[in-house]
Amino acid sequence: MRLFVLLSLLFSVQALAQNKPTLNVYTYDSFSSEWGPGPKIEQAFEAVCECDLKFVSVDSSTGILSRVQLEGAGSSADIVLGLDNSLIVDAENTGLIAPHGVDMSSLNLPISWDNGKFLPFDFGYFAFIYNTETHPNPPGSFDELVEADNDLKIVIQDPGSSTPGLGLMLWVKSVYGDRAAEVWQKLKPRILTVTKGWSEAYGMFLEGEADMVLSYTTSPAYHMIAESESRYQAASFSDGHGMQIEVAAKLKNAPNPELADRFMQFILTQDFQSIIPMGNWMFPVVSLDEGLPEDFGKLVNPAISLMMDAGEISQNKGGWIDEFNQALSN
Amino acid sequence: MPGTMVLLLVGISVIGGFVGLIFESGSIAIIDQLQKPYIRSVIQFTLWQAALSTSLSLLFAFPLARALHRRPHFFGRSILLRLTSISLIVPTMVAIIGIVGVHGRSGLVNDFLGVLGFPRQDYLYGLNGILIAHLFFNVPLVTRLFLNGLMEIPQHQWRLASHLGVTGFNLVSRVEWPVIRGLIPGAAGIVFLLCFTSFAIVLALGGGPQSTTLEVAIYQALRFDFNLSTAVSLSLIQIVLCVALGFVFFSSSNGVKLQSEHRPGFYRPDGDSIDSASSVPGLIVPRLLDIAVILIATLFLLSPFLAVVLKVLHGKGFAILAHSGFLKALETSVLIAFVAGTIATVFALVIAQMVATLRLNTRYQSVAVIPELVGMMALIMPPITLGTGLFLLFRSTTDISTLGPALVVGINVLFILPFALRILIPPVHQQKQRFDRLSQGLGMSGLNQWRWVFWPGLRKPLGYALAVTTTLSIGDMGVIALFGTDNLSTLPLLIYRLLGNYRLDQAAVVAVVLCLLCLIIFVIIERFIGGKEGHYNAKT
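Per-chain numbering applies: the sequence of each chain, read as written, is numbered from 1 onward. As they are written, the chains are lettered A onward and the ligands numbered 1 onward, keeping that order. For a predicted model such as this one, the threshold for reporting local features is a pLDDT of at least 70, and the threshold for listing and counting side-chain atom pairs is 80 or more; totals across whole chains, interfaces and linings nevertheless cover every residue. The basis for the side-chain values is all heavy atoms of the structure; hydrogens and waters are excluded.

Novice: Where do I start with the overall build of chain B in this structure?
Specialist: Helix and strand definitions follow DSSP, with helices as H or I runs of at least four residues and strands as E runs of at least two, each counted in order from the N terminus. Of regular secondary structure, chain B possesses 21 helices and zero strands. For this measure, only C-alpha atoms enter the radius of gyration; the expected value for a globule follows 2.2 Å times N^0.38, where N is the number of residues. Relative to a compact globule of 540 residues, whose C-alpha radius of gyration would be 24 Å, chain B shows 24 Å and is just as compact. Only heavy atoms enter the contact rule, under which two residues are in contact if any of them lie within 4.5 Å. Relative to all contacts within chain B whose residues are 6 or more apart in sequence, the contacts with residues 24 or more apart total 80%. Split by element, the accessible area of chain B, about 23,600 Å² in all, is 68% carbon and sulfur. The averaged location of the 22 negative side-chain charges in chain B is 6 Å from the averaged location of its 36 positive side-chain charges. Throughout, the Shrake-Rupley method with a 1.4 Å probe supplies accessible areas, and for residues the shown protein chains are the sole cover considered. When charges are counted, neither His nor the chain ends are considered; positive counts come from Lys and Arg and negative counts from Asp and Glu. Note that the charge is assigned to NZ on lysines, CZ on arginines, CG on aspartates and CD on glutamates.

This is how it looks when you write it as structure tokens:
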């Protein structure tokens, strides 16, 4: 009898689980990891959606889309989350993306955004993070970084595999234009390694393997708030800072299109956005009712924010990445 | 004919996977790729690091093999030898964790330098790291080959040399060098090709565009750009180079023997005698040199394991054991490895029987090599290219969530099959030669023949083959890097990801689990199938 009860309980639990549709969101690993915003967002959305939200993570941001391309029409992905402004034309050219249909009037970005397929979910500014205790005088511009001591080791990300890496390459391109290759060659002795993704690079920096790491102006907020630690700070560059807008998109072949629509709507709500500052450690794309955490006020505020036109990036990206690779491999 | 069917399946998978990818990519642009300066420097680097790794492996292995040969007695010699024979099945990711723990900026070497008051050195990432890891895997392998060679020098040659008073350098050039020289093309060929196609090591320790190999460039083209045309073109370049270079090495080689029978008594005039540990008087300097060589080698080969253990003892990494991702990866790893190992061993047995039948039939002797070649065909293919090709071929007709794991198993089978063939072909041939007539005379056939004639003689090599293939497969970090998500993960991939997030303590704990798992599985399979009498031929 007891066995019967147990069995029927088991089946009913399974049935319950099967009744709920699953929404698959493909994203990068640091977003979905238990230290990232993923679990909290999952909880918040599942509280309202009667569904099972599943993050499927790949190890870098540019890998998200190629994963969907590899899987083709049979892919179980409903949503891709974690591409950025520099990849949207390439992403659109795959023909896999559907319009999101979200009212974007609540968006509060430093620039205007009217893209009907890619919906911003957070934004930030690239910056080099350094340890104030070991390096009290960080470089204040790219020129100073290029001329710095060869002992100053930096870790950056690969522009082919990671959006911060791509962002840095574009940042250098916007500052130096045709001289970019020359600048990379000069920087080369100071580049300890080029990692595939952000988390790898940041981890190396925290372990003391490098003196500076490419990350965001918001990264120090993490250390100040979560660790009460203020020795890690962003170096303010007088050239300005590259800006990144991270986006989500719904897929044309989404197995659960209605659920996907609901999630896209959910992205701009306070429930989602309020998790961003202290979850993904980026800026929310709408004004928060409760405002930003206090320590965000202490962050570097870029005088100039640099962002290239997405079409121009798409046209030149391949050649620029070749140029970057070539400059670093000689 | 089960043999023909297995061969067809293997052949069609390999060719089909590749053709499938060419078909999907729509174009091959080898010339375009070769015109890119970056691709040219990738090819150059791939060749350069492989050449350096090979030369250094041979260079370091020779004195080590000599020292081991001259000193048949010292504490830990048998453990060191055992280590040289298992180096190839140490999971790559475990070694990488260990190497980062020893040579990284916060590794043991730098800790030691720090104590002595030196500044920290960054030497791990890029070419250095790749070389260190390649030496870690290949010096033991080559040492093994050289030592086996030295042990096959007939006793009378040593005695003759001793009578003639040949010593020192002359002993090397007259007695040892002729043997070693014969082994070099084969040994260099194996090491060169292993390093040429090196993937996980370059991925983890490469450090950017200046140290990217073709295999990694192919992975990047598939994983990040989804540029099939680039991937196909680069794969073709790699295959052509592989085949051409393999041909150069192996056409001048007279076969490579990984295992050698144990020779009980041996003697060399400049070594310790076999009966006692007493040294020959007057040879203090060479003795000290040998001790130094052995100590340095031991330190180099064991320190990564030590670093892993130290990280584990830190105690901060144990949390991972309770993590659901860990348990899932453990389960997936074991499942994939057992299925792949079993299939590969059965396939190898079937192919080996076919080879033996052909060899024993005078009419077909000349084609007996074909089945073995088909079985080894996959070796020249980049596994990720093959995996992607097969994935694209099947994705519209199969459920994608089962296709990933199925392909990981399938690709694993293709790449461990050559090892199983190497192990099984000689004993199967021997058994057939010995007992085929006899059992036919006794009117035995089918299962009975198997049960009573072949099984007793083959269970040991079969157990060994299954143990080797399963262990290799459990430590594999190839195609899983492409298909892996957090829903499909194995222990090596988990280590790679933890390393990526710089959770070295946790990675070390998983590495130890992976090592123990390999060890346990190896011993259990070998005992269970091979019988009680211990391991097959794997001891010197």
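Novice: Got a minute to help me understand the state of the cysteines in this structure?
Specialist: Note on terminology: a disulfide is the covalent bond linking the sulfur atoms of two cysteines. Pairs of cysteine sulfur atoms within 2.5 Å are what we label disulfides. All chains considered together, the criterion is met by one disulfide over all chains. With its sulfur 2.1 Å from that of its partner, A:Cys49 forms a disulfide with A:Cys51. Since a negative S-S torsion denotes a left-handed disulfide, the A:Cys49-A:Cys51 link at about -85° is left-handed. The class for A:Cys49 is buried, based on a relative accessible area of 3%. Not part of a disulfide, B:Cys242 finds its nearest cysteine sulfur in B:Cys195, a span of 12 Å. We call a residue buried when its accessible area falls under 20% of the maximum for its residue type, exposed when it is over 50%, and partly exposed in between, using a 1.4 Å probe and counting protein chains only. B:Cys242 sits in the buried class, given a relative accessible area of 4%. Free cysteine B:Cys518: the closest other cysteine sulfur is in B:Cys515, separated by 6.3 Å.

Novice: It is not clear to me how the pairing of strand E6 (residues 154-157) of chain A should be interpreted in this structure. Could you clarify?
Specialist: For a regular strand, side-chain orientation follows a simple rule: the groups alternate between the two sheet faces. Residue and element names in this part refer to chain A. Every second residue of E6 is oriented toward a common face, with Ile154 and Ile156 on one face and Val155 and Gln157 on the other, all of them buried. Here, any two strands with at least 2 DSSP bridges between them count as paired. Across four bridges, E6 lies against strand E7 (residues 191-195) in parallel orientation. Looking across to E7, one finds that Val155 is bridged to Thr193. Judged from the two bridges that link them, E6 and strand E8 (residues 212-216) form a sheet pairing that is parallel. Looking across to E8, one finds that Ile154 is bridged to Met212.

Novice: I would appreciate a short explanation of the packing of aromatic side chains in the present structure.
Specialist: The description of an aromatic ring pair rests on the distance of the ring centres and on the angle between the ring planes. The criterion for an aromatic pair is that two Phe, Tyr or Trp rings (for Trp, the six-membered ring) have centres within 6.5 Å, with stacked assigned to planes under 30 degrees apart, edge-to-face to planes over 60 apart and tilted to the rest. This model, assessed by the stated rule, comprises 35 aromatic pairs over all chains. On the numbers, 5.0 Å between centres and 50° between planes, the contact of A:Phe45 with A:Phe266 is tilted. A residue pair is termed long-range when its members are at least 10 positions apart, and A:Phe45 in helix H3 (residues 38-49) and A:Phe266 in helix H11 (residues 257-267) qualify at 221 residues. For the pair A:Phe45 and A:Phe266, a shared accessibility class is recorded, and that class is buried. Seen in terms of ring centroids, B:Phe192 and B:Phe196 are 6.0 Å apart; in terms of plane orientation they differ by 20°. Their pairing is stacked. Taken together, the residues span about one helical turn, with B:Phe192 and B:Phe196 both in helix H9 (residues 168-196) at a distance of four residues. Residue class for B:Phe192 comes out buried when judged on its relative accessible area of 7%. By relative accessible area, which is 0% here, B:Phe196 ends up buried. Among the aromatic residues, ring-to-ring pairing joins A:Tyr28, A:Phe31, A:Phe45, A:Phe55, A:Phe121, A:Phe263, A:Phe266 and A:Phe272 into one connected group.

Novice: What is the right way to read the domain arrangement of chain B from this model?
Specialist: Residue and element names in this part refer to chain B. Start and end points for every domain follow an automatic or database-based domain assignment. Each domain of chain B was delimited in the assignment, giving domain 1 (1-31 + 314-540) and domain 2 (36-313). On a C-alpha basis, the centres of domain 1 and domain 2 stand 24 Å from each other. Residue-level contacts link 51 residues of domain 1 with 43 residues of domain 2. Buried area is calculated as the accessible area (1.4 Å probe) missing from two parts once they are joined, with the contributions of both summed. Interface area, domain 1 with domain 2, both sides summed: about 4,200 Å², of which 71% is carbon and sulfur.

Novice: What's the story with the interface of chain B and chain A in this structure? I'm lost.
Specialist: Interfaces are frequently sized by the accessible area removed from exposure as the parts join. Opposite the 38 residues of chain B that make contact, chain A presents 44 residues. Between chain B and chain A, the buried area comes to about 3,600 Å², and carbon and sulfur atoms account for 51% of it. Here a salt bridge means any side-chain nitrogen of Lys or Arg lying within 4 Å of a carboxyl oxygen belonging to Asp or Glu. In this assembly, chain B and chain A are joined by zero salt bridges. The term polar contact refers here to a pair of N or O atoms within 3.5 Å; inside protein, the definition further demands a hydrogen-donor-capable atom paired with an acceptor-capable atom, and it admits residues adjacent in sequence only when both atoms are side-chain atoms. Along the contact surface separating chain B from chain A lie nine residue pairs in polar contact (both at pLDDT 80 or more).

Novice: Any chance you could explain the confidence of the model for chain A here in plain terms?
Specialist: Per residue, pLDDT measures the predictor's confidence, with a range of 0 to 100. Mean pLDDT over chain A works out to 90, with 94% of the residues at or above the 70 mark. Below a pLDDT of 50 lies the segment residues 9-16 of chain A, which in the model reaches zero contacts outside its immediate sequence neighbourhood of four places, other chains included.

Novice: I'm lost on the confidence of the model for chain B in this one. Help?
Specialist: The predicted coordinates of low-pLDDT regions are not to be read in fine detail. Residues and elements named next belong to chain B. Per-residue confidence for chain B gives a mean pLDDT of 86; residues scoring 70 or more make up 93%. Here helix H4 (residues 77-86) stands out as the element of chain B with the lowest mean pLDDT, 82, in contrast to helix H3 (residues 37-70), whose mean of 94 is the highest. Here the predicted complex carries an ipTM of 0.82, next to a pTM of 0.86.

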